[in-house]
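Each chain, written out:
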Amino acid sequence: QRFLHAIDNIDAQIALYDSEGRLVHFNREFKNGAGPSAGLIKPGMTLAESLRIRFGGGTIPLDAMDREEEWIAERINRFGKSPPPWEFTRGGRIFETREANMPDGGVMVVVSDISDQKENENAARESEAQMRLITDAIPVQVAYVDRDHRVRFANRHYADWYDYSQNQIIGMKM
């Protein structure tokens, strides 16, 4: 009971399906992810049924628009095969779906909102690009070498000095 309470309070959509692909347990976030149709999500329904309910409530991934049944068929085809995590966009947010096969043949599905993580990754890339632009413009060699003596950052002048491209020198042991 404590475990189910803990799962219900995790900030990710979690659903457990049995070996026949029927919904056994789900947390509050999973149900809320169905939007206006949340009240229709019930234990015992299949993945296809729960997806159709979600779509009917308007919670459709961007890549499923105007091809809902085809998308559902693709999703069912991946189900239970331990696919690598995949991402989809819905309502302007980015989600990552992970599946784990259970010893009894069931499948646990975890859907996490990774929008903030993606935004932070983009900000870090933009910041690095800006830093590279500035350090490449100054006429000195600039590099960051970590405690393991690996180059983690090098401006153009530093790479040129060693006769490497910037991409080649990053990760090199000095």
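Now for a look at the structure at hand.

**Some details on the packing of aromatic side chains**
Here's step 1: Under the defined criterion, the tally for this structure stands at five aromatic pairs.
Here's step 2: Between Tyr 17 and Phe 79, the ring centres sit 5.1 Å apart and the planes meet at 80°, which makes this aromatic pair edge-to-face. With Tyr 17 in strand β1 (residues 13-17) and Phe 79 in the loop between α4 (68-78) and β3 (86-90), this pair connects stretches of sequence that are 62 residues apart. The pair Tyr 17 / Phe 79 is uniform in exposure class, with both members buried.
Here's step 3: Aromatic side chains Tyr 158 and Tyr 162 sit 5.1 Å apart centroid to centroid with 50° between the ring planes, which places their arrangement in the tilted category.
Here's step 4: Among the residues examined, Tyr 158 registers a relative accessible area of 11% and is labelled buried.
Here's step 5: The side chain of Arg 54 reaches across the aromatic face of Phe 30, ending 4.2 Å from its centre.

**Focus on the side chain of Glu 99**
Here's step 1: Looking at the secondary structure, you find Glu 99 in strand β4 (residues 93-101).
Here's step 2: Taking the relative accessible area as the measure of exposure, Glu 99 reaches 10% and is therefore buried.
Here's step 3: A polar contact is formed between the side chain of Glu 99 and the side chain of Arg 75, at a distance of 2.7 Å.
Here's step 4: A polar side-chain atom of Glu 99 sits 3.0 Å from the main-chain amide nitrogen of Gly 80.
Here's step 5: Contact partners of Glu 99, with chain neighbours within four places excluded, come to Arg 75, Arg 78, Phe 79, Gly 80, Lys 81, Ser 82, Pro 83, Trp 86, Val 107, Met 108 and Val 109.

**Focus: the side chain of Arg 90**
Here's step 1: Summarising the element assignment, Arg 90 is placed in strand β3.
Here's step 2: The charged side chain of Arg 90 is buried without a salt bridge, its nearest counter-charge being Asp 113 at 7.8 Å.

**Re the sheet that holds β3**
Here's step 1: Strand order in the open sheet formed by five strands is β2-β1-β5-β4-β3, with antiparallel pairing between adjacent strands. Looking along the sheet, the strands with just one partner apiece sit at the ends: β2 (23-26) and β3. Averaged over all pairs of adjacent strands, the angle between strand axes in this sheet comes to 25°, irrespective of strand direction.
Here's step 2: Against the sheet, helix α5 (residues 115-137) contacts β3, β4 and β5 (107-113), and its axis sits at roughly 115° relative to β4.

**Here's the deal with the environment of Gly 58**
Here's step 1: You can see Gly 58 is positioned in the loop between α3 (47-56) and α4.
Here's step 2: Overall, the relative accessible area of 54% leaves Gly 58 in the exposed class.
Here's step 3: In this structure, the C-alpha to C-alpha distance between Gly 58 and Ala 34, residues 24 residues apart in sequence, is 8.1 Å.

Quick notes on the rules
- Once a new chain begins, its residue numbering starts again from 1 and follows that chain's sequence as written.
- Thresholds applied to this predicted model are a pLDDT of at least 70 for local features of residues and 80 or more for the giving and counting of side-chain atom pairs; totals over whole chains, interfaces and linings are not thresholded and use all residues.
- Here the side-chain values reflect all heavy atoms present in the structure, with hydrogen atoms and water set aside.
- Any two rings among Phe, Tyr and Trp, with Trp reduced to its six-membered ring, count as a pair given centres within 6.5 Å; such a pair is stacked if its planes are under 30 degrees apart, edge-to-face if over 60, and tilted if neither.
- Strands are runs of DSSP state E lasting at least two residues, helices are runs of H or I lasting at least four, and both sets are numbered from the N terminus onward.
- Partly exposed residues are those whose accessible area sits between 20% and 50% of the maximum for their type, while under 20% is buried and over 50% is exposed, using a 1.4 Å probe and protein chains only.
- To sit over a ring, a charge needs its Lys NZ or Arg CZ within 6 Å of the ring centre and within 35 degrees of the ring normal.
- Distance and chemistry together define a polar contact, namely a pair of N or O atoms within 3.5 Å, with one atom able to donate a hydrogen and the other to accept it when in protein, and with adjacent residues in sequence counting only for side-chain atoms on both sides.
- Whether two residues touch is decided by their heavy atoms; if any such pair falls within 4.5 Å, the residues are in contact.
- Charge assignment in this entry is limited to Lys and Arg as positive and Asp and Glu as negative, and neither His nor the chain termini are counted.
- The term salt bridge refers to a side-chain nitrogen of Lys or Arg lying within 4 Å of a carboxyl oxygen of Asp or Glu.
- Strand pairing is assigned whenever DSSP identifies at least 2 bridges connecting the two strands.
- Fitting a line to C-alpha atoms yields each axis, with helices limited to the stretch in contact; the angle taken between N-to-C directions then spans 0 to 180 degrees.

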